[in-house]
Structure formats: structure tokens, C-alpha cells
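Residue-level listing of the chains:
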Amino acid sequence: MKAVIFPNLQKINALSCARNVCDTLNNNDFEVIADPQLRALFYDKSFVQYAPFDESVQNADFAVAIGGDGTILRCAKALMGSDAMLLGINTGRLGFMASIEPSQLHELSRLKTGDYRVSKRMMLCGDLTDEKGYTFQHFTALNDIVLERQFARVIDFSVYRNEVLLGQYRADGAIFSTPTGSTAYALSAGGSVIEPEFSCIGFTLVCPHSLASRPILFSPESRLCVRLSVRDGGDIYISSDGETPVPFDSCSHLTIYRSEHTIQLVDLSGNTFFDSLNRKITHSLKGNGSLEGGGFI
């Protein structure tokens, strides 16, 4: 079996963790593959093979992302179109999408025996199209595609579902999220918590100038279109999974729809989604004391 290493070396413990991951995988008879740019970091590990990440994942069984949730998101996009499964090891802060911590590397032996659970996650696509119908920017997201403006200025925009007007909105922005992304920015903006293996598209306004605006969940077959007011222009941007924002003007429109690709996340923890929600989000908000009644609200 083959496993490709994807460490975020900006994280303090990522390098030491990556070296230990290599040893653990090798001891369990895995072929360990790393990008050639990491060769100097594994100079003493003769068993590590080297190939560009985008190429090596095409024939790999697993990709091991070592870092925080952002690292896992970047790794996920590189896996699109491959059959490799994604395992996250948390060396960041929250690590909500990670399966194990650096102290649990012994659990990697279960990858060899098949003693793990796989969670299939939907992804989103977004197309920026000009007034002539030419798509000049394509986005993919495991978490969300976000429309926002600089300096907390409001945006006037309309949203259509399958070419039917859903509503006209005034807000600081809008979040279109997958179920995986429901516990990210959308949660902070008051969106719904959604089980990650459910399929839907979440729509959450950011600071809406309305007393009646509520999050909406759409079927995964929906195609959503965002059009700006003709008065709006400049300093409005679209960002996919927190990547570099792309300008969005009133001469263009944004279409959001379900991606044909899915990501297979490996779970070695044995915890349910709600266990993780309690432990990593609700519990951290309430402090170090125990949760009364074990609830997540």
C-alpha cells in the first residue's frame, strides 16, 4: 500500500510529526512517498520515495495531511480526481477535520488492516461568468465559497435558484457552504450545523440588514446564481476555502453548484461527528469544565 505525506511545515510540530509518520508507516509495510521539495528533511530515511504530490496521489491509497484544517483543505483539492483517501493529523489549533493527534500515531497501523471508517464529503464548484457568458474563473471548495466586501461595507445583491429569484439582499456578505463547511465560517455567521455526510448547499448571510433573514439549505441539485446590484462595484471579492480572493463586479455573475468530485476522509478516532462537535467546538467555548448533560447546544 502507498501513502503520500503532505505536511504544513509552518506548523511548529509538523516536521517532527511528519518524520514520525514516515517511520510508523514504514514499520507497517507502507510505501512512503513525499514531494521532492521535502527530500532534505528526510535525508536519513532511505525508504522514503520522492515524486511530485499531484502525480503520486494518482496511484496512492492514502494522503496524510499534517497540519491544521487549512492544510487538510489544501490537500483535499489536490486529491480531486484520484481515489486516494485523506487522513488528517492535527498539528494546528482546532483540527476539527483531523482524525488523530500526533500522540496517536500508533493508530496508523489500522490503515493496513482496514480498521477505519471512511466519510464521503461533497464539494462545491463556483463559476464567475462575464456578461457574454464566458466563465473566466472557476472555484472548488470542500468548506465554502464566500462573497464579501472590504472594510465591512454592505453589498446589495440578488440570489437566484435554478433561474428563479430567491431574494434581494443587503448584507456584509454571503456564505455558500457544504455540510463539511457548516462548522466553519457559516457556523460563526449563525448558519445551521449539518451532519457532514448529508448532501446539501448551505446559504448563510453575513450580518444581514434584516430582521427576517435566515439560513437556507438547498438540495444538492440546485444551481444558485448571485448577481450584484448595478450600483455595486470594486472591492467585492469571492474566496474559496479561504484562498486568495478574486474580484467580483456587477458585470459578472457567480454560479454555485455541486461538484462532481467527492473527498474520502479517513476516521481513525471512532468518534461520531457530534462527539467531535462537543469536544472541539462547544467544549472549547465553555472552557475546560465538563459539558452538562453531554449536549452540544
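Everything numeric here is computed off the predicted structure, so don't read it as measured data. (Residues numbered from 1 in each chain as written. Predicted model: local features only at pLDDT ≥ 70, side-chain atom pairs only at ≥ 80, totals over all residues. Heavy atoms only, no water.)

Concerning helix α1 (residues 14–27)
As a reminder of what qualifies: The way it works is that DSSP assigns letters per residue, a run of H or I at least four long becomes a helix, a run of E at least two long becomes a strand, and they are numbered from the N terminus. Here the expected length of a helix is defined as 1.5 Å per residue gap, with one fewer gap than residues. Residue contacts are counted whenever heavy atoms from the two residues lie within 4.5 Å of one another.
Helix length check: α1 (14 residues) gives 20 Å between terminal C-alpha atoms against 20 Å at 1.5 Å per residue, within 8%. Here the buried face of α1 lies against β1 (2–7), β2 (31–34), β4 (62–67), β5 (85–90) and α4 (110–113). Just downstream of α1, Asp-29 is the residue with a positive phi angle, here 65°.

Regarding the confidence of the model for the protein chain
Test applied: Values of pLDDT, which run from 0 to 100, indicate the predictor's confidence residue by residue.
Mean pLDDT over the protein chain stands at 89; residues scoring 70 or higher make up 90%. pLDDT under 50 marks residues 285–297. Its contacts with residues more than four places away, or in other chains, come to 14 contacts.

Some thoughts on the pattern of salt bridges
Put simply, the test is: Salt bridges are defined by distance alone: a side-chain nitrogen of Lys or Arg within 4 Å of a carboxyl oxygen of Asp or Glu. Residue exposure (1.4 Å probe, protein chains only): buried if accessible area is under 20% of the type maximum, exposed if over 50%, otherwise partly exposed.
According to the stated counting rule, one finds 11 salt bridges in the structure shown. We note a salt bridge from Lys-77 to Asp-241, for which the minimum N-O separation is 3.7 Å. Here Lys-77, found in helix α3 (residues 69–79), pairs with Asp-241, found in the loop between β15 (236–240) and β16 (246–247); they are 164 residues apart in sequence, far enough to count as distant. Using a relative accessible area of 14% as the deciding quantity, one classes Lys-77 as buried. For Asp-241, a relative accessible area of 12% gives the class buried. A salt bridge links Asp-267 to Arg-117; its shortest N-O distance comes to 3.7 Å. Of this pair, Asp-267 sits in strand β17 (residues 253–267) while Arg-117 sits in strand β6 (residues 117–129); the two residues are 150 residues apart in sequence, bridging distant segments of the chain. Overall, Asp-267 belongs to the buried group, its relative accessible area being 12%.

Comments concerning α3
Judged by how many residues are buried, α3 sits mostly within the fold: 8 of 11 residues are covered. Within the sequence span of α3, burial applies to Asp-69, Thr-71, Ile-72, Leu-73, Cys-75, Ala-76, Lys-77 and Leu-79. One or two residues past the end of α3 sits Gly-81, with phi positive at roughly 90°.

Things to note about the packing of aromatic side chains
Condition: Paired rings are identified among Phe, Tyr and Trp, the last through its six-membered ring, by centres lying within 6.5 Å, and are further divided according to the angle between planes into stacked (under 30 degrees), edge-to-face (over 60) and tilted (the rest). Criterion for a charge above a ring: Arg CZ or Lys NZ at most 6 Å from the ring centre, at most 35 degrees from the ring normal.
Per the counting criterion, the structure on display carries 7 aromatic pairs. Members of the aromatic cluster, joined through ring pairs, are Phe-157, Tyr-169, Phe-176, Phe-203 and Phe-218. Here the guanidinium or amino end of Arg-39 rests over the ring plane of Tyr-50, the centre of that ring lying 4.3 Å away. The cationic tip of Arg-223 hangs over the ring face of Tyr-257; the distance from NZ or CZ to the ring centre is 4.4 Å.

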